[in-house]
Amino acid sequence: MLIVQKYGGTSVGNLERIENVARRVVKAKEEGNDLVVVVSAMSGETNKLIEYAHHFSKTPSRREMDMLLSSGERVTASLLAIALQEMGLPAVALTGRQAGIRTDDTHTYARIESIRTETIEQELKKGKIVIVAGFQGINRHGEVTTLGRGGSDLSAVALAGALKADACEIYSDVDGVYTTDPRIEPKAKKLDTISYDEMLELSSLGAKVLQNRSVELAKKMGVKIIAKSSFSDGPGTMITEEDETMEEVVVSGIALDKNQARVSLRDVADRPGIAAEIFNKLAQEQINVDMIIQNASKEGTTNLGFTVPHSELERAKEVIGSFGGEFGSADYDEEVCKVSIVGVGMKSHSGIAAKAFSTMAQNNINIEMISTSEIKISMIIDEKYGELAVRVLHDAYELDK
Ligand code: ADP
Ligand code: ASP
Ligand code: MG
């Protein structure tokens, strides 16, 4: 079998843990498998590098950020290869470029466009264990790019798809996907399986156990992901196509996203095109706008509120600043978070949203913004109530049962 394994930051967080990973890799190799192993940077490393950059600039150049951040994964990839070689196994570490990962030009959020698997295949043929630095590729100009936070998951899924691997195992510090973050709600239940669509919603809404784009790609390429722990042995959670048994569940999970900030523009000139101008300019700066609320206009002006990732707030402020006198005032709230309820079964059930709102009311949590789709309900609330909201909602939908 050809297996792609991915080990996240905590799993390679120090030298002993890298050795632990090496032992796991040896075991899988001894069972007769070919192995491609994708690694993240040591936990905390990427954040540390971002902080270093912010020492010099609030809005550092995205190109230089990619040069900087891609280094963390190279460190762990080469250390793991060295550890394996010392254990007597042939291993070779590759950067994203060497692994043939070509992306578009969007620095810090690059999309994988193609993978040339020749080098990896040649190394595998020689009997080597191929270690790939996750989270990175190169664009058509040969510049280093990174794939967005949590992007090593995407590297692993893309490689599994391109190599037509028999399995894609994503190892972290949890033994699978739970009904909500088990660090917030200890009563959360581990799921044996979850559909791509539900997992995609959960991860897009903040469940970082899998990066959302990796789930999207897995669905597109038909890559079955298994989420497991690198610290224990267990079956993990299989992320796969929806089947009949899955449809029974109305609510499958609760997600919390703390990487949120709210922008409120007051007294915006109410003229056609203003929203397009604002949101186009934000899009040009690669700022993802999430929830948007516009009030009914009064006396020719309106209020416009939206959320952006907290990490993009400084860039958003610059964009808003460039509009000059088009609005009365702009204010920014960094202390918000988004709590969401996800479930494919919501499509055919009523009263799910009403229950969410009354649960929040009973706990005196004010809802600042709401958005819904067929399979999710999201609410923006004060950050300090985020974890409480997760727990009371988890209870209200009886997810521990
Ligand atoms: P890695 O660094 O290995 O990529 P992450 O920290 O990105 O790992 O993801 C694992 C973390 O995801 C867990 O420690 C857990 O706190 C968090 N998490 C959030 N939501 C969930 C969920 N629904 N199920 C499991 N883990 C979750
Ligand atoms: N090191 C990167 C991050 O922290 C990528 C990853 O871990 O998947 O976002
Ligand atoms: Mg991760």
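Here the structure is shown first, and the text comes after it.
Everything numeric here is computed off the predicted structure, so don't read it as measured data.

(A) Layout of the packing of helix α11 (residues 352-362) against helix α12 (residues 386-396). Look at α11 against α12: their axes get within 10 Å of each other, and the N-to-C directions meet at 130°. On the basis of the axis angle, α11 is oblique to α12. α11 and α12 meet at a crossing whose hand is right-handed. Touching Lys355, Ala356, Thr359 and Met360 of α11 are Ala389, Val392, Leu393 and Ala396, all from α12.

(B) Focus on the side chain of Asn33. Following the sequence through the fold, Asn33 ends up in the loop between α1 (15-30) and β2 (34-39). There is a polar contact of 2.9 Å between the side chain of Asn33 and the backbone oxygen of Ala28. Contact partners of Asn33, with chain neighbours within four places excluded, come to Met1, Ile3 and Ala28.

(C) Here's a closer look at helix α10 (residues 313-321). Residues of α10 that are buried include every one of Leu313, Arg315, Ala316, Val319 and Ile320, and no others. For α10, the angular spread of buried residues about the axis comes to 155°, placing them on one side. When the buried face of α10 is taken as reference, the exposed residues oriented beyond 90 degrees from it are Glu318 and Gly321. In this structure, the buried residues of α10 make contact with α3 (62-86), β13 (253-269), α9 (274-284), β15 (301-308) and β16 (327-342).

(D) The pairing of strand β12 (residues 237-240), seen in detail. By the bridge criterion, three bridges tie strand β10 (residues 193-195) to β12 in an arrangement that is parallel. Note on β12: the bridge partner recorded for Thr193 is Met238. Sheet topology places strand β11 (residues 225-229) next to β12; three bridges connect them, and they run antiparallel. The partner of Ile226 across the bridge, within β12, is Met238.

The rules behind each value
- Residues numbered from 1 in each chain as written.
- Chains lettered and ligands numbered in written order.
- Predicted model: local features only at pLDDT ≥ 70, side-chain atom pairs only at ≥ 80, totals over all residues.
- Heavy atoms only, no water.
- Axes fitted to C-alpha atoms, helices over the stretch in contact; angles between N-to-C directions.
- Helix = DSSP H or I, 4+ residues; strand = E, 2+ residues; numbered from the N terminus.
- Parallel < 35°, antiparallel > 145°, perpendicular 65-115°, else oblique.
- Left-handed = near helix turned anticlockwise from the far one by under 90°.
- Contact = heavy atoms within 4.5 Å.
- Polar contact = N/O pair within 3.5 Å; in protein donor to acceptor, adjacent residues only side chain to side chain.
- Buried < 20%, exposed > 50% of the residue type's maximum accessible area, 1.4 Å probe, protein only.
- Arc of directions from axis to C-beta.
- Pairing = 2+ DSSP bridges.

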